[in-house]
Amino acid sequence: MEKKVRVRFAPSPTGGLHLGGVRTVLYNYLFAKKHGGDFILRIEDTDQSRFVPGAEDYIFETLKWCGLHPDESTQHGGAYGPYRQSERKESYRKYAEELVAKGYAYYAFDTAEELDAMRNKLRTAENPSPQYDRTVRQQMRNSLTLSKEEVDALLQQNAPHVIRIKMPEGETVSFTDAIRGEVSFDTSVVDDKVLLKADGMPTYHLAVVVDDYLMQITHAFRGEEWLPSAPVHVLLWRYLFGEEAMPQWAHLPLILGPSGKLSKRDGAKYGFPVFAMNWKDPKTGELTEGFRERGFVPEAFVNMLAVLGWNDGTEQEVFSLEELVQKFSIERVHSSGAKFDFEKAKWFNHEWIKRKEVEELRSEVRTIFQQHDLEISDDVYLDKVIGLVKDRCTLLPDFWEHSFFFFKAPKQIDFTPILAKWNPAKKDFFQSLIKSLRSISDWKATSLEALFKQLAETATIKPGELQLPMRLMLVGGKFGPPVFEIAEVLGKEETITRMENALEQVPSH
RNA sequence: GCCGCGUUCGUCUAAGGGCUAGGACGCCUCCCUUUCACGGAGGUAAUACGGGUUCGAAUCCCGUACGCGGUACCA
């Protein structure tokens, strides 16, 4: 039977999208694509106080860069919209009221001060975080302790209130996690979570259940930090829509930093990015560096993220997005957290730069050069250069140091590496080399090398002793690809010009 | 504190009762190359601890330790 899958990811627009968040989206995306299902993105903006302007656009831009952009058809209009929870506000209250009517939830009128007072009173060394649970709800101001008349009156006059779930006592709630297998909880130790806030917005707990039901979500992968609240969600499904209709869940392991959970701070502290793209918080002005700006190609970023906690069982490590879609399976996702290793991330980028076609790198490399005030118009020449140096570049900005000399003749040449062994015979050699180069018709690295060696033999100088001077003349230092390949790309005119200029500069004894 | 989830080289991982625990990153050595890389060949290094079950345990069970997460009108 064909599987009809609809997965969802609900990024919060409250500040960037860290590695773990992108990976969650990625796994949801891979699973949906593999099974021919829809990949729905829901925007969780029910906490207006934490809303950060621009964050939503940032999330969509990030996913676009990664190649994970949801289909327009599943994101705008369509049968399951709207996709922004603030726009769905009205639909939640109804379900919360239904729960109250059925006796599974209750109104609570406690003020923030009253809640504080309760927690302060109950706090002890053994119980550092007192919960609003079955042991205290009878002492609080809610529809379980107040008379029906009082409750009705309070509701009538719009007294601020929330709706809390009434956790049953002594029940074991369990469900099967696609990664961890059966997980169970004792309801006695779970608190009476708020479902509907005083401002009428749902909390995540109510929203996720209602939305998953309304959007007919079949599978939902989310971070491990949600595991402890899973029993609340199971119960809500049971009370509202029936547990059979509940989506298949998978709780993804966390991505860890050098010391504990990966944080924005780690990035700054250890010098690696933690976001896909640069993110500047408009409220604090704080900038978090992105992989894109650091010089990563999206293929490498996605690849690196995918295998941080998943593998296909073979020894393959480099996967394209298409391959990942094909090979991904949620069962092979690890249950333990993975520490992020920037060195390995760089290795993936190196691999991808090597694998990518020259044309695919063109615009990125052009951007790098522009950052060094170098505008390149000749695509054919640029392509040759990229083809010659891409194997030596780990990050995109490396293209500059590995190829700037193809576009700028060296102004000053450091001759120190060859000075000690420099002599008139060598100078003669290069002068006759220039003469021969002028008349050579086949300007290819192999031909140039053959000619070079032949002339060296005639001059009875070891070719090896002449290659370094040649390199210095062409690029100005001890770096770059094989010297004759440089000459080939540079072309006859430029090569000869550079050699002549350099020969004039060599200090003679 | 309580609840939950985890634990194989430094790191990411393979091995789902049975060969000398395999691969990759990093690091080291050598080869190639009279630049530097790429590439090639080697090397280094792990089943947290203690009990069971079994002819046989990294693998199954129990306990301990450690790590992480949760314990908000945040997601």
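Residues numbered from 1 in each chain as written. Chains lettered and ligands numbered in written order. Predicted model: local features only at pLDDT ≥ 70, side-chain atom pairs only at ≥ 80, totals over all residues. Heavy atoms only, no water.

Caption draft 1: How the structure looks around the packing of helix 20 (residues 463–475) against helix 21 (residues 483–490). Closest axis-to-axis distance for the helix 20/helix 21 pair is 10 Å, and the angle between their directions is 35°. Considering the relative orientation of helix 20 and helix 21, their crossing is left-handed. Between helix 20, through Q467, M470, R471, L474 and V475, and helix 21, the contact on the second element is made entirely by V483, F484, I486, A487 and L490. In terms of residue class, the contact of helix 20 with helix 21 is made up of 8 nonpolar, 1 polar and 1 charged. (Axes fitted to C-alpha atoms, helices over the stretch in contact; angles between N-to-C directions. Helix = DSSP H or I, 4+ residues; strand = E, 2+ residues; numbered from the N terminus. Left-handed = near helix turned anticlockwise from the far one by under 90°. Contact = heavy atoms within 4.5 Å. Nonpolar A, V, L, I, M, F, W, Y, C, P; charged D, E, K, R; others polar.)

Caption draft 2: Main features of the side chain of T203. Tracing the backbone through its elements, the reader meets T203 in the loop between strand 7 (194–196) and helix 7 (204–214). Polar side-chain contacts of T203 include one of 2.8 Å to the backbone oxygen of V194. (Polar contact = N/O pair within 3.5 Å; in protein donor to acceptor, adjacent residues only side chain to side chain.)

Caption draft 3: Focus on the packing of aromatic side chains. On inspection of all chains with the given rule, the structure shows 36 aromatic pairs. Both rings, one in F175 and one in W249, keep their centres 5.4 Å apart while their planes meet at 90°; by these two values the pair is edge-to-face. Separated by 74 residues along the polypeptide, F175 in strand 5 (residues 172–177) and W249 in strand 9 (residues 248–252) bring together distant segments of the chain. F175 sits in the buried class, given a relative accessible area of 6%. We classify W249 as buried; its relative accessible area is 2%. With 5.0 Å between their ring centres and 80° between their planes, F429 and F430 make a pair best called edge-to-face. (Phe/Tyr/Trp six-rings, centres within 6.5 Å; stacked < 30°, edge-to-face > 60°. Buried < 20%, exposed > 50% of the residue type's maximum accessible area, 1.4 Å probe, protein only.)

Caption draft 4: Spotlight on the pattern of salt bridges. This model, assessed by the stated rule, comprises 31 salt bridges. Across the pair E56 and R84 runs a salt bridge, and its minimum N-O distance is 2.7 Å. A residue pair is termed long-range when its members are at least 10 positions apart, and E56 in helix 2 (residues 55–66) and R84 in the loop between helix 3 (72–75) and helix 4 (89–102) qualify at 28 residues. A relative accessible area of 13% places E56 in the buried class. The class for R84 is partly exposed, based on a relative accessible area of 31%. Between K148 and D152 there is a salt bridge, with the nearest N and O atoms lying 2.9 Å from each other. With a gap of 4 residues between them, K148 and D152 both fall in helix 6 (residues 148–156), about one helical turn apart. Among the charged side chains, a network of salt bridges with common partners joins R42, R88, D211 and D212. (Salt bridge = Lys/Arg side-chain N within 4 Å of Asp/Glu carboxyl O.)

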